[in-house]
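Notes for the structure review
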Amino acid sequence: ILNVEQSPQSLHVQEGDSTNFTCSFPSSNFYALHWYRWETAKSPEALFVMTLNGDEKKKGRISATLNTKEGYSYLYIKGSQPEDSATYLCALNSGGYQKVTFGTGTKLQVIP
Amino acid sequence: DSGVTQTPKHLITATGQRVTLRCSPRSGDLSVYWYQQSLDQGLQFLIQYYNGEERAKGNILERFSAQQFPDLHSELNLSSLELGDSALYFCASSSRLAGGISYNEQFFGPGTRLTVL
C-alpha cells in the first residue's frame, strides 16, 4: 500500500491571499503525479499531470511543481478567489496501468 | 462534462438488497476505475478494469464485484447491502495516449449516490 500524504488537511484563506499545499509520496514508486480539483457536489476534475523531476505546470492562477527525488509536489494558488474553494487531490501513478493512489486531499476555503 | 456517464444518479434501497451501478467511459478509454466516497472520507479505490480485464484491486469488499463488458461499459454490483455501504460511488476512465504512453489521468463521472435504509 503506497502512502500518499497531503498537508494541510484543510485551509482557510482570505480572498486575494496566495497559498500553497503539499503532496508527499514514496519517491521510489514514481511514474506520474496528478492533481485534481474537487468542488463540493461535483466530481473531481484533472488539473495537471506531472511526470519529470523539476516539472512546473501552470493553469491560470494555479501552478504546481514536482520533485521526484525527494517525493513531493507543491500546488500554488496565486490571489485566491472564492471560486477556488474546493478539495485539491493529488494522486500517484506508480507505474503503467497499476492502480492510482489518491491522497486524502486539502480542503481549501477562500473567505470573501 | 467529462464524457463519463453513470446511472442511476440516486439509488435508495434497503439492507440486504443487491444493486447494480453502471458506468460508460469516455469514448476510446479502455480503463475504468471505481471509487467509493463515504461521509467525510476521501476517495477509496475499489477496483480497476482495462479492456475487459481486472487490473488492480483496492479495498473492495467480497460482497462487491465488478465487470467490464466488450463495449467497455462497466458495472459495479453491491450485494447484501449494509447501512455502511451508503456512499457516493464514482466511476472514472482513462485512456491510452498517442504513442502508447498513458499517465492514467482520470476523468470522473458524476457519481451514483447510494442510500441504504
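One can find the structure itself at the top, above this paragraph.
Figured I'd write up the structure that's included with this text. (Residues numbered from 1 in each chain as written. Chains lettered and ligands numbered in written order. Predicted model: local features only at pLDDT ≥ 70, side-chain atom pairs only at ≥ 80, totals over all residues. Heavy atoms only, no water.)

**Observations concerning the state of the cysteines**
All names here are of chain B. Under the defined criterion, the tally for this structure stands at two disulfides over all chains. Between the sulfur atoms of C23 and its disulfide partner C91 the distance amounts to 1.8 Å. Judged by the torsion about the S-S bond (-45 degrees), the C23/C91 disulfide is left-handed. Of the two residues, C23 sits in strand β3 (residues 19-24) while C91 sits in strand β9 (residues 87-94), which places them 68 residues apart along the sequence. Judged on exposure class, the residue C23 and its partner C91 are both buried. (Disulfide = S-S within 2.5 Å. Helix = DSSP H or I, 4+ residues; strand = E, 2+ residues; numbered from the N terminus. Buried < 20%, exposed > 50% of the residue type's maximum accessible area, 1.4 Å probe, protein only.)

**As for the sheet that holds strand β8 (residues 72-77) of chain A**
All names here are of chain A. An order of β1-β3-β8-β7-β6 is seen for the five strands of this open sheet, with the pairing classed as antiparallel. What marks the edges here is a single partner per strand, and that holds for β1 (5-7) and β6 (56-59). Taken over all neighbouring pairs, the strand axes of this sheet differ in orientation by 15 degrees on average, direction set aside. In the sheet, β1 pairs with strand β3 (residues 19-24) via three bridges, with the strands oriented antiparallel. Along β3, the bridge assignment pairs Q6 with C23. (Pairing = 2+ DSSP bridges. Axes fitted to C-alpha atoms, helices over the stretch in contact; angles between N-to-C directions.)

**Observations regarding the packing of aromatic side chains**
Within the structure shown, the criterion is met by 14 aromatic pairs over all chains. Taking the centre distance of 4.9 Å and the plane angle of 40 degrees together, the rings of Y72(A) and Y74(A) count as tilted. Under the relative-accessibility criterion, Y72(A) is labelled partly exposed at 24%. Residue Y74(A) is classed as partly exposed on the basis of its relative accessible area, which comes to 27%. Three or more aromatic residues link up through ring pairs in this structure, and these residues are Y36(A), W38(A), F102(A), Y33(B), Y35(B), F45(B), F90(B) and F108(B). The side chain of R26(B) reaches across the aromatic face of F107(B), ending 3.6 Å from its centre. (Phe/Tyr/Trp six-rings, centres within 6.5 Å; stacked < 30°, edge-to-face > 60°. Lys NZ or Arg CZ within 6 Å of the ring centre and 35° of its normal.)

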